[in-house]
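Reading the structure
So the chains spell out like this:
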Amino acid sequence: MKIICLLLLTCVVTARAEMLAGVAKVDITDRTGPVNDPCFAKALVLKNDDTTAVVITLDAVAVGGIGRIGNGFMATVRGGLRELGIAPENVVVNASHCHGIVRGDLEPLVIQAVKQAAQNLVPVKAGSGEGSETRISENRRLKMKDGSMVDMRRAYSMPHDEDVASVGPIDPQVAVLRLDRTDGTPLAVLYQFACHPIMNPPSKGCSADYPGFASKVIEEALGGGAMAFFIQGCGGDINPVRYKEVSRPADAEPLGAMLGATVLASLRKIETQAGAPLKVSNETIALPRAADYTARIANIEAEQKKLVAALKSTNINFKTFLPLLLQHKLWPETPSHYSQSYLHDQSLDRKAIPQLDADNRALVESYLANIEIMERLTRLNANLALLKMHLKQTEAAASPTLDAEVCGLRVGDFKLVTFPGEVTVQVGLNIKKAANDARAFVSGYTNGYIWYTPTVEQRLNSGYAQEDCDTLVAPEWQKIFETKALEVLRNLSR
């Protein structure tokens, strides 16, 4: 009896040892316009026993919702893979959220890439690890001294330095999954990081941004046809570092090189093993739609009216304002003339020049106040447009809730839970802390797109930032997702 049990155990171990994996990629760059660097769709097919999973990464802004990819993308790709016997719910598609422009015939290209990967399955060993990268990201939300929050976007200006109290957190963790062929050579690397890939501006041409450069660094260093797959994390409120700089050209390549080097350093510490478990889960949760658009729109419009009424009449324009400003800042005691003129007129009890200075100082202060109002109106206008857009979407919806697909993927010790929203960083940090598992990770931008999903605190912000205006969900969404994500991760660990 003991011999029979031992034989059965050996058979189970042998079967589990035969995890198979295949990779393929296809260039999806729209080349009808300027191109800085190429965008790719990459496919990883994993098979173990009766389970087959597909991970697709796209150098694209989103899987539906916004950008070139239509809302029918997931259904089309999943349907096209049925002939391979791949369950639709086992197909996981993550968009890097770069702002590159993809080809219009994306679906057949992606399906073909998956089929090619499925044809190239080889036995693999798996191992996971992590790194830390603090040099390339920053939180784009600023906590103000008045208790509100604002964000850093190219759509509007920064707030005044003296009004800023603190900044939000980043997530420096870099999650890494390594898949090696049985001879030890790397076949695939999945790495996850949380940060908007928006360092290359549109004027540079189509670009995969920093993830594209990071993957290039990794693939060239590993050689042997190894493929690097970037998975976007919870980067909804995370920008590339120094994103608002205007003193030098924006460039994503150095950021990608640093991230790639961090991944390579982590890979060297990972030991891969045969017999890695493969698990996939998929379920849909209902999230409450926002119900406060009308009130928030009314608040912004009231604030706009108040700000417009506060604009001050002034005798100067920008041409005369700038030299006056410099004069009064550089020489506050004698802005209009040499000190000799002031002293001479003072000896004769003449007050014309000091009065001129006082009048000009008032004009400068009025003009500066008008500039500040203009900046605040620009911020309000941008976010008001977002609220009105989502109000229309919500009014057109047939349900007070919206569906969100939550997927779980486990490969060896590497465990990932995904969500279709632009999840802000604190949500991911909360889930990972609650999971208390160094190999548990959270990704947004996956299997659909439902716009930003901010924390409750961000969602109720009175300062109007993109994350809390460009959203479809009510504040209660956070607890629902965090609870479900934790449940998924714990089930993957069993």
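Summary of the structure given here. Sequence order as written defines residue numbering, which begins from 1 separately in each chain. Whole-chain, interface and lining totals are the exception, using all residues; otherwise, since this is a predicted model, local features are given only for residues with pLDDT of at least 70 and side-chain atom pairs are given and counted only at 80 or more. For the side-chain quantities, the full set of heavy atoms in the structure was used; hydrogens and water were omitted.

Describing the packing of helix α4 (residues 209–222) against helix α5 (residues 253–267)
Working convention: axes come from line fits to C-alpha atoms, limited for helices to the stretch in contact. Angles between N-to-C directions cover 0 to 180 degrees. Only runs of H or I of at least four residues qualify as helices and only runs of E of at least two qualify as strands under DSSP, and these elements are numbered from the N terminus. Two numbers describe how α4 lies on α5: the axes approach to 7 Å, and their chain directions differ by 45°. Put simply, α4 runs oblique to α5. Between α4 and α5 the crossing geometry is right-handed. Contacts between α4 and α5 involve Tyr 210, Phe 213, Ala 214, Val 217, Ile 218, Ala 221 and Leu 222 from the first element and Glu 253, Leu 255, Gly 256, Ala 257, Leu 259, Gly 260, Ala 261, Val 263, Leu 264 and Leu 267 from the second. The nonpolar class holds Ala, Val, Leu, Ile, Met, Phe, Trp, Tyr, Cys and Pro. Asp, Glu, Lys and Arg form the charged class, and all remaining residues, Gly among them, are polar. Here the residues of the contact of α4 with α5 sort into 14 nonpolar, two polar and one charged. Here the word oblique covers every angle except those under 35 degrees (roughly parallel), over 145 (roughly antiparallel) and from 65 to 115 (roughly perpendicular). What makes a crossing left-handed is the near helix being turned counterclockwise from the far one by less than a right angle; a clockwise turn instead makes it right-handed. By the convention used here, residues are in contact when the closest approach between their heavy atoms is within 4.5 Å.

Observations regarding a negative patch on the surface
Taken together, the side chains of Asp 146, Asp 161, Glu 162, Asp 163 and Glu 372 make up a negatively charged region of the molecular surface. In this structure, Asp 163 sits in the loop between β8 (149–151) and β9 (164–167). A simple rule labels every residue: compare its accessible area, found with a 1.4 Å probe on the protein chains alone, to the largest value its type can have, and call it buried under 20%, exposed over 50%, or partly exposed in between. For Asp 163, a relative accessible area of 33% corresponds to the partly exposed category. Like charges are joined within 9 Å and nonpolar side chains (Val, Leu, Ile, Met, Phe, Trp, Tyr) within 5 Å, but only among residues with over 30% relative accessible area and no salt bridge; these make up the patches. Computed with a 1.4 Å probe, the accessible areas rest on the Shrake-Rupley method; for each residue, only the protein chains presented here act as cover. In the sections that follow, a salt bridge refers to a side-chain nitrogen of Lys or Arg positioned within 4 Å of a carboxyl oxygen of Asp or Glu. By the counting scheme adopted, Arg and Lys are positive, Glu and Asp are negative, and His together with the chain ends is not counted. A single reference atom marks each charge: NZ on Lys, CZ on Arg, CG on Asp, CD on Glu.

Focus on the sheet that holds strand β18 (residues 440–443)
Strand order in the open sheet made by the four strands is β14-β15-β16-β18, with mixed pairing throughout. Whereas interior strands pair on both sides, the edge strands pair on one side only; in this sheet they are β14 (278–288) and β18. Across the sheet, the mean angle from the axis of one strand to that of its neighbour is 20°, orientation sign disregarded. Where β14 lies against strand β15 (residues 401–411), eleven bridges are found, and the strand directions are antiparallel. Bridge pairing in β15 places Leu 278 opposite Val 411. Seen against the sheet, helix α13 (residues 477–492) touches β14, β15, β16 (414–418) and β18 and runs at an angle of roughly 165° to β14. Between any two strands, pairing holds if DSSP finds at least two bridges.

Brief notes about the pairing of strand β11 (residues 186–193)
Across the eight residues of β11, eight count as buried, placing the element largely inside the fold. With six bridges connecting them, strand β10 (residues 173–181) and β11 associate as antiparallel partners. Directly across from Arg 178, in β11, lies its bridge partner Val 189. Between β10 and the antiparallel strand that follows it, β11, lie four residues; Gly 184 among them carries a positive phi value of about 95°. As paired strands, β11 and strand β12 (residues 227–232) are joined by six bridges and run parallel to one another. Its bridge partner lying in β12, Gln 192 is registered against Ile 231.

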